[in-house]
Amino acid sequence: MSSGEIRRRKNATNRQTAANSMSGKASPLTQTKRSDNTDETNPRQSGKKSLKRREYDEYAWFAVFLFAASYFVITRRGGGIHHSRGGLLSSFSKPYQISASSVSVMGNQEEMIRSIFYIAKNQKDSTKSSSLELAHNHQLEVVLSSPPDLYCTEETTDECNTNDNQEECKKQSSNEQSIPFLSYLISTTWVHDEELGRGFLLLADGGRSGRIWRWEVGGGPITIGRSLHMERSGCRSGLWVDGDDTKMRNGTCPENIFSGSVSSSSSCSKTASEQKTSSPPLLGSASLAVELTRDAERSSIGKNIIVAEWGEKRIVRVEGETGARTPLVVLVPPPAHHEKIEMESQGQEEEEASHESEEVSVPEWVRVQRPNHLTYTPFGDLLFSDNRDSVGVVYRLKEAVHVQPISAEQSRDAHGWERSTMEDQADQNNVDILFQTDGVIEGLALASDYSMLYILVASPVGKTVYRLPLDSDDDEDDGSGDATSNEPNEGEKESASVFYSMTFEDCEEDHIDYNGNASLSVGSKLSVDAQGTLYMITCPSTVTFLSREQGRVIGTLTSQGSESFTSIGFGEDGYLYLTSPNELRRVKTRIGGMAVPTNLVVPQPSKLASTGGDEQRRQKRDKK
């Protein structure tokens, strides 16, 4: 074979190899192109796929609806007879304890009671009985319960903590059920959170240094329950703690640690309770309120919470943005003692010639002692009570919504302030007296038309509800008058009339002696619903319902074997809430609580024209 033949064969082989390699690399591209061409040349097949997708999209809403309906049935419907929480999932959880299952009816007031509560369907009328059975899932139930707080006094704290049963106490206290977390519940208030889209209940714990608890159900199948909202809500500095009244050292706040207190059913706690413990000192938060926001959707919407601090002896506004505590009320006009006024009036004529008249005309303001029953009027005024020396007084802080906030740095120093601001007393004329009594004030509530203020007063004999007209003409001074003057207050006190009265003999077996036990008068024991019906705690564990026309009793709700009720109030979730020192109860109602309008709140003076500004403000207050 010649060399030329060899070269020709070799070149041919190389060309064939190169061609094969090129065809191998191009095969994926060719395959891809073919697949693309397949889609392009088969539009019917692609159209069928898009049509199926559209069919699925059209029925997607049904799948979502089916899932939502199933979720609603599981979480909202069903449950056992005693599962008032509702929902099939509640069958797997512990049911709430039923505290009362019937409502007593007075006279022919059955229709009124049925308009308030959910009555069992199998009970058509109460002609044969004086009571109506509540529907099985709308009874009075205990939703929160804590063992009692057995407070060790200072003299015996070491002995309590070193008794022979201390090891057994530690073992028992390891169980969460035996550790008390509620010291002494006093009142509640409802707060609506716009960001969450739902509301929750705030519980004011007045025991020890105070705590504010948050209780909510949430939007899911499981109750969220309680959580700590604020620690040491009533006593922080200890500067105003009186040791003689609280069995504490002067200048100290009790600790909110319940390590020395366990369930009273244990042997170690029995030894402690019999010899070395007592009820906790009440230096916490006594009353709560949500500050009114002008033109808000509802009165419960607000970032600022008003707190009555018993340990600090003042009323503060907790700023939602900074957490600072702005003092609203520190000093108040002293209550008028009739005997002292008569004696002073006899000697004033002789002393005017030798003494300055200013010393007599302006009495010295005093620090508030036990502020309670915080109530906002539609105009932005804050009403509250103070019980001191067996005298109950109702005060009004004019246009409380316009008090300027303080900074967080000033808030720390404000504990030692002797007044709400650094101004002189002569400039503090924004607090006046509306009502005064010799008994103990147990509750304040606005009437459904906002023209009246109901005042619940307790005495050693019984309880009385007064009705006090709220006239906007009282505010025409806009704070320029002398708030310590007794003349207008006397006129207002004469206009107060008795709306309802009862004696403790009516309580029968539920009777309790108020003499010598001031803690029994603690709490907000009066509320009004949207139709004007009054709800008041008359006997220790009995709620009495009064008609708004003539104050007649239309029915009662009694809890068997429970602690004495301390407060009553409505939530915006359709429940009526009742508190005792260590328990929270609720009952489903058809009627909600009275809603305070927000469009009548007086605007700030700076936003009004200087000419005729006062007249405009009065017109805004009177316009309804």
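Refer to the structure presented above.
In this report, the structure presented in the accompanying data block is examined. (Residues numbered from 1 in each chain as written. Predicted model: local features only at pLDDT ≥ 70, side-chain atom pairs only at ≥ 80, totals over all residues. Heavy atoms only, no water.)

Let's shift gears to the overall build of the chain. Check the secondary structure of the chain and you find 13 helices and 31 strands. For the chain, with 624 residues in total, the buried portion stands at 47%. Restricting to contacts in the chain with at least 6 residues of sequence separation, those with at least 24 account for 62%. Here the chain displays about 32,700 Å² of accessible surface, and carbon together with sulfur accounts for 48% of that area. (Helix = DSSP H or I, 4+ residues; strand = E, 2+ residues; numbered from the N terminus. Buried < 20%, exposed > 50% of the residue type's maximum accessible area, 1.4 Å probe, protein only. Contact = heavy atoms within 4.5 Å. Areas by Shrake-Rupley, 256 points an atom, 1.4 Å probe, with all protein chains shown as cover.)

Spatially, β11-β12-β13-β14 is the arrangement adopted by the 4 strands of the open sheet, whose pairing is antiparallel. Each edge of the open sheet carries a strand with a single partner, namely β11 (285-290) and β14 (325-329). Within this sheet the neighbouring strands show an average axis-to-axis angle of 30 degrees, counted without direction. Relative to strand β12 (residues 305-309), β11 is paired through 4 bridges, and the arrangement is antiparallel. The residue bridging Ser285 from the neighbouring strand is Glu309, located in β12. (Pairing = 2+ DSSP bridges. Axes fitted to C-alpha atoms, helices over the stretch in contact; angles between N-to-C directions.)

A few words on the packing of aromatic side chains. Within a pair of aromatic rings, the relevant descriptors are the distance that separates the centres and the angle that separates the planes. Taken as a whole, this structure holds 9 aromatic pairs when the rule is applied. Geometrically, the ring pair formed by Tyr535 and Phe545 is edge-to-face, given 5.3 Å between the ring centres and 75 degrees between the ring planes. Pair noted here: Tyr535 is in strand β26 (residues 534-537) and Phe545 is in strand β27 (residues 542-546), with a separation of 10 residues, a long-range link. Just as Tyr535 is buried, Phe545 falls in that class too. Centroid distance Tyr535 to Phe570: 5.1 Å. Interplanar angle 90 degrees. Geometry classified as edge-to-face. One end of the pair, Tyr535, is in strand β26; the other, Phe570, is in strand β29 (residues 567-570), with 35 residues separating them in the sequence. Take Phe570: its relative accessible area is 14%, and that puts it in the buried class. The ring of Phe200 carries the charged tip of Arg214 above its face, separated from the ring centre by 3.6 Å. Taking the ring centre of Trp310 as reference, the NZ or CZ of Arg370 above it sits at 3.8 Å. (Phe/Tyr/Trp six-rings, centres within 6.5 Å; stacked < 30°, edge-to-face > 60°. Lys NZ or Arg CZ within 6 Å of the ring centre and 35° of its normal.)

The 5 strands are arranged β1-β4-β31-β30-β29 in an open sheet whose pairing can be described as antiparallel. Each of the sheet's edge strands pairs with one partner strand only, and the pair in question is β1 (97-100) and β29. On average, adjacent strands in this sheet sit at an angle of 30 degrees to one another, irrespective of strand direction. As defined by bridge partners, β29 adjoins strand β30 (residues 575-580) across 4 bridges and the pair is classed as antiparallel. Residue pairing across strands places Ser567 opposite Thr579, the latter belonging to β30.

It is worth spelling out the state of the cysteines at this point. Overall, the coordinates contain 2 disulfides when judged by the stated rule. One disulfide in the model links Cys235 with Cys253; its S-S distance is 1.9 Å. Between Cys235 and Cys253, the S-S torsion sits near -70 degrees, and that sign places the bridge as left-handed. With a gap of 18 residues between them, Cys235 in the loop between β9 (225-231) and α7 (243-246) and Cys253 in the loop between α7 and α8 (267-275) connect regions that are remote in the sequence. As far as the burial class goes, Cys235 and Cys253 line up, both buried. A disulfide bridge connects Cys507 with Cys539, and the sulfur atoms are separated by 2.1 Å. Its torsion about the S-S bond being -95 degrees, the disulfide of Cys507 and Cys539 is classed as left-handed. (Disulfide = S-S within 2.5 Å.)

Looking now at the pattern of salt bridges. Overall, the coordinates contain 19 salt bridges when judged by the stated rule. The shortest N-O distance in the salt bridge between Asp149 and Arg208 comes to 2.9 Å. Remark: Arg208 occurs in the loop between β7 (198-205) and β8 (211-216) and Asp149 occurs in the loop between β4 (140-145) and β5 (151-152); sequence separation between them is 59 residues. Among the residues examined, Asp149 registers a relative accessible area of 5% and is labelled buried. What emerges from the salt-bridge pattern is a single network uniting Arg198, Arg214 and Glu216. (Salt bridge = Lys/Arg side-chain N within 4 Å of Asp/Glu carboxyl O.)

This paragraph deals with the nonpolar core. Judged by nonpolar contacts, the single largest core of 39 residues is most densely connected at Leu382, Phe384 and Ile455. The element that contributes the greatest number of residues to this core is strand β19 (residues 391-397), accounting for 5 residues. In this structure, Ile113, Phe565, Phe570 and Ile591 belong to the second largest nonpolar core, which totals 23 residues. (Core = buried A, V, L, I, M, F, W, Y, C linked by side-chain atoms within 4.5 Å.)

As for its position among the elements, Cys507 is in the loop between β24 (497-503) and β25 (526-528). A relative accessible area of 6% means that Cys507 is categorised as buried. With 33 residues separating them along the chain, Cys507 and Pro540 place their C-alpha atoms 8.5 Å apart. Residue contacts for Cys507: discarding those within four places in its chain leaves Met502 and Cys539.

The next point concerns the pairing of strand β21 (residues 440-446). The buried fraction of β21 amounts to 6 of the 7 residues, a majority that puts the element mostly inside the structure. With 6 bridges joining them, β21 and strand β22 (residues 452-458) adopt antiparallel strand pairing. Residue pairing across strands places Leu444 opposite Ile455, the latter belonging to β22. What sits between the antiparallel neighbours β21 and β22 is a turn of 5 residues, in which Tyr450 has the positive phi angle 65 degrees.

Purely geometric stuff here, so don't read any function into it on its own.
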